[in-house]
Every structure is written in structure tokens, then in C-alpha cells.
Number of protein chains: 2
Amino acid sequence: MTPEPDAPENAAKPFDPLALDHQLCFALYAAANRVIRLYRDQLEPLGLTYPQYLTLLVLWERDDRLVGEVGEALSLDSGTLTPLLKRLETAGLVIRTRDAADERRVRITLTKQGRAMRAKAVDIPARIACEMGLPLETLVQLKQTLTTLATDQD
Amino acid sequence: MTPEPDAPENAAKPFDPLALDHQLCFALYAAANRVIRLYRDQLEPLGLTYPQYLTLLVLWERDDRLVGEVGEALSLDSGTLTPLLKRLETAGLVIRTRDAADERRVRITLTKQGRAMRAKAVDIPARIACEMGLPLETLVQLKQTLTTLATDQD
DNA sequence: AGCGATTAAATTGTGCACAATGTAAAAGAT
DNA sequence: ATCTTTTACATTGTGCACAATTTAATCGCT
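These numbers were taken from a predicted model, which means no experiment stands behind them.

Caption draft 1: View of the relation of the copies chain B and chain A. After a rotation of 180 degrees and a shift along the axis of 0.0 Å, chain B superposes on chain A with an RMSD of 0.0 Å. Both copies of the chain, as the preceding transformation shows, are related through a two-fold rotation axis. When the interface residues of chain B are mapped onto chain A, 98% of them are again interface residues, pointing to one common binding face.

Caption draft 2: Representation of the interface of chain B and chain A in the model. Facing the 56 residues of chain B at the interface are 57 residues of chain A. At the junction of chain B with chain A, the criterion picks out two salt bridges. One salt bridge connects R118 of chain B with D16 of chain A, and the closest N-O pair in it is separated by 3.0 Å. Counting across the chain B and chain A interface gives 10 residue pairs in polar contact (both at pLDDT 80 or more). Elements with a minimum of two residues in the side of chain B that touches chain A: α1 (24–43), α2 (50–61), α3 (67–74), α5 (112–121), α6 (124–132) and α7 (136–151) of chain B. Among the elements that make up the side of chain B that touches chain A, the one with the highest residue count is α1 of chain B (14 residues). Here the residues of the side of chain B that touches chain A are counted per class, giving 36 nonpolar, nine polar and 11 charged.

Caption draft 3: Looking closely at the sheet that holds strand β3 (residues 106–110) of chain B. Residues and elements named next belong to chain B. The sheet built from three strands is open, its strands ordered β1-β3-β2 with antiparallel pairing. Each having just a single partner strand, β1 (65–66) and β2 (94–98) make up the two edges of the open sheet. Inspection of the sheet shows β2 paired to β3 by five bridges, in the antiparallel sense. Within the sheet, the bridge partner assigned to T97 lies in β3 and is R107. This element, helix α4 (residues 78–90), spans β2 and β3 of the sheet and lies at about 120 degrees to β2.

Caption draft 4: Quick peek at the sheet that holds strand β1 (residues 65–66) of chain A. Residues and elements named next belong to chain A. Read from one edge to the other, the open sheet built from three strands follows the order β1-β3-β2, with strand pairing classed as antiparallel. Every interior strand has two partners, whereas the edge strands, β1 and β2 (94–98), have only one. Where helix α2 (residues 50–61) meets the sheet, its contacts fall on β1, β2 and β3 (106–110), and the angle it forms with β3 comes to roughly 85 degrees.

Caption draft 5: Examining the pattern of salt bridges more closely. Residues and elements named next belong to chain A. Enumeration over the complete set of coordinates arrives at 14 salt bridges over all chains. Note that D102 and R105 form a salt bridge whose closest N and O atoms lie 3.7 Å from each other. Residue R105 is classed as partly exposed on the basis of its relative accessible area of 41%. Here the salt bridges share partners, and the residues they tie into one network are D64, D99 and R107.

Caption draft 6: Local environment of the protein's contact with DNA strand C. Close contacts around DNA strand C come from 28 residues, with Y29, R37, S78, T82 and K86 of chain A the closest. Considering DNA strand C, the proportion of its atoms within 4 Å of the protein that are sugar or phosphate atoms stands at 79%. Contact between DNA strand C and Y29 of chain A: a phosphate oxygen at 2.4 Å from a side-chain N or O atom of the residue. In the environment of DNA strand C, a phosphate oxygen lies 3.4 Å from a nitrogen or oxygen atom belonging to the backbone of V67 of chain A. Only α1 (24–43), α3 (67–74), α4 (78–90) and β2 of chain A together with α2 and α4 of chain B provide two or more residues apiece to the surface near DNA strand C.

Caption draft 7: Structural context of the protein's contact with DNA strand D. If you check the shell around DNA strand D, you find 30 residues, and the closest are T49 of chain A together with Y29, R37, T82 and K86 of chain B. Within 4 Å of the protein, atoms of DNA strand D come from sugar and phosphate in 77% of cases. At 2.9 Å, a backbone N or O of G68 of chain B approaches a phosphate oxygen of DNA strand D. R96 of chain B places a side-chain nitrogen or oxygen 2.9 Å from a phosphate oxygen of DNA strand D.

Caption draft 8: Structural view of the packing of α2 of chain B against α4 of chain B. Residue and element names in this part refer to chain B. Put simply, α2 and α4 touch, their axes get as near as 11 Å, and they point 80 degrees apart. With respect to their mutual orientation, α2 and α4 come out roughly perpendicular. Where α2 approaches α4, its residues P51, Q52, T55 and L56 are matched on the opposing element by L81, L84, L85, R87 and L88. Looking at the contact of α2 with α4, its residues break down into six nonpolar, two polar and one charged.

Caption draft 9: Looking closely at the packing of aromatic side chains. Taken as a whole and judged by the stated rule, the model has 10 aromatic pairs over all chains. Among the aromatic side chains, those forming a connected cluster through ring pairs are F26 and Y29 of chain A together with Y39, Y50 and Y53 of chain B.

Caption draft 10: How the structure looks around the pairing of β3 of chain A. Residues and elements named next belong to chain A. On β3, burial follows the alternation: V106, I108 and L110 on one face are buried, whereas R107 and T109 on the facing-out side are not. Where β1 lies against β3, two bridges are found, and the strand directions are antiparallel. When the bridges of β3 are listed, L66 appears paired with R107.

The rules behind each value
- Residues numbered from 1 in each chain as written.
- Chains lettered and ligands numbered in written order.
- Predicted model: local features only at pLDDT ≥ 70, side-chain atom pairs only at ≥ 80, totals over all residues.
- Heavy atoms only, no water.
- Least-squares fit on C-alpha atoms with pLDDT ≥ 70 in both.
- Contact = heavy atoms within 4.5 Å.
- Salt bridge = Lys/Arg side-chain N within 4 Å of Asp/Glu carboxyl O.
- Polar contact = N/O pair within 3.5 Å; in protein donor to acceptor, adjacent residues only side chain to side chain.
- Helix = DSSP H or I, 4+ residues; strand = E, 2+ residues; numbered from the N terminus.
- Nonpolar A, V, L, I, M, F, W, Y, C, P; charged D, E, K, R; others polar.
- Pairing = 2+ DSSP bridges.
- Axes fitted to C-alpha atoms, helices over the stretch in contact; angles between N-to-C directions.
- Buried < 20%, exposed > 50% of the residue type's maximum accessible area, 1.4 Å probe, protein only.
- Near = heavy atom within 4 Å.
- Parallel < 35°, antiparallel > 145°, perpendicular 65-115°, else oblique.
- Phe/Tyr/Trp six-rings, centres within 6.5 Å; stacked < 30°, edge-to-face > 60°.

Here is the structure:
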């Protein structure tokens, strides 16, 4: 009811640093949630979740990786990856094997079925880009900025 | 086979639509996770999680809202909000009351303590913006694009 | 060789995010 | 007025994300 404490008398609009509409963080949070929902529709027929799909992207690029290498690529720790990788193993897409040379390590390898899944996923990015309803140029610029944001000074 | 216009530096390589580095979705996912981590450091002393903070932003802007109104503002359903709001109630920041006029509805009201929390949070956005290490202009443009992405054709 | 420090992954516990379902109240239809 | 439909929220179950801790293996140092 009362005007903002720091508002000069009846100024047009005192800037509110906590207004939801001003938060980059909320825009980022809401956009990420929405895009994950878009992917869910595409991935559900394949029986994959979004983080599982990202994990497969990493392995399709280079197979036979350590848990830590996958985690490095995705910025995820073993607390997230271990159960996820166990589910991918149960689904028959990867195999987890203790490294004989260093028993602390666990190697992640794609099965034939895991490699075959790639063909079923190859059209997904284009379909999602289409659903986003923004010009390609904007999406490319956006990805650039977000990558900087994600990798900066960690 | 044709080299993508947006990847001039590796024009020799065939474009891989599933390469992790090409995924806007991954950039978005990683950026969102990183920003939430930045907030976690700021919010931990206040005893708040990031979605709880977003919920308070909504209520600080306008108090005495229905669960559904909060959910509308944040694009979250009751499955997420009900337990979150119960935790905010346990923390003494909000009160949940059944609407007497319509018993289906639950009104969310800030407590004195909930309103007081605002003063402790008011500096957070500026500190985060600083930590992001990108020029303000870029951040403003980014928020604009993300908002479009989040709200488009849902 | 012996041993503390480091490393790799797993485990435990909390809190989202969401699909699916349930419950009860209110609104509409006949 | 009774019955169907819709609405608002709660509940259940799955799967992340991450902090904190644990376990076990390897490394580094003397």
C-alpha cells in the first residue's frame, strides 16, 4: 500500500532491483525449464531423460570415458552421475567397468544399443530449434553469450 | 556435409548436429546451473534455496496470493510449490490459509519475518551481476532473449 | 618400505521439477 | 435438486543437482 521507502515523491517508476521481471536469473531459470520440457517431449519416446541425453552426447563424441571425464564435460559430480549412469546401464545403453590399471576409476562405454540410439536422436536439435520460434541468428548469439556465462571464472 | 556458416574456424570438419559444443540446450542448462550455484552462495546465509527466493520475489511484489497465482508467475505446479511453501511456512516466512469463501483455495501471506527478509536480499542481484563478468548491456540483451524463449507459445 | 595426503567414485540426505493421480469444493447442466 | 464437469490444491513416485561424507586405491615423501 505505502509507496516504496526509497521512492521519491510520486516518481514515475522507482527501479525495483528485486522485481521478478528484472531478474536475469529468473529468465534463465524459466527458459532452461521450458527448453527441458521441449526436449522431454522429444526424448520420452526414446526412454531418455534430458541429462541422460546430454550424457550420451558426450559419449557419442568420444566413447570409453571415465566418470570424471563425463562429469567435467557436463559440470556434474559423481553424486549426480553415478545413479544416472547406473540407470543408463540398466537400460542397456552403456557399460560401467572398473579400470584394471587403476581400481578407483570407472570407465563408461557405449553398448551397440547405445551407439544405435544416436540415429534416433540426430533430428532432435533441428526440431527443437524450430519450436523455439526465434531466428537462427538470435539463437547462435544466445548460445555464445550463455557459453561465456557458463564457463567464466569457475 | 556443407560447413555451417556459424562455425568458420572449423570449416574443414563436417557439421555434427549432436556435438555438445553446438547445443544451445546445453549452454542454457550449464548457464542456469552455474547461476543457481552463484545464488546458492548468496542465499545460504539467509537459509533460502533458489526457488524459495524466487517465490519470495513474487510475494514481495504482491502479497496475499493463491498457490496457483504464485505457480503462474513462476511456471511451477502445485506438485513443486506445495512442499516448497510448507518449508517456507516452517521457516516462519509465510502463512498458508484456506480461503473461507472458496475452500479449494490456499492463500499465501508473508509474515513479518518474511517481509523483513527482503532487506537482506536487496543487494543480491547487483552482486550476482558483478560475478557474472559480462557487460551490463550484454546481460540486458540476454535477459530479453531468454524471456522471449521462456514465454513463447506455451 | 611405511604412511599420510590425494584422488575417484559411491553413498547419504535435502530439495526441487514434473507426471500422474487423488480429494474435495465449486460451477454448470438438465 | 441432482449429477456431471471443472477447478484448486495435495499426494505419490521418479529423477536430477549438489553438499557432505565415506570408501578404497594410488601417489608422494622420507
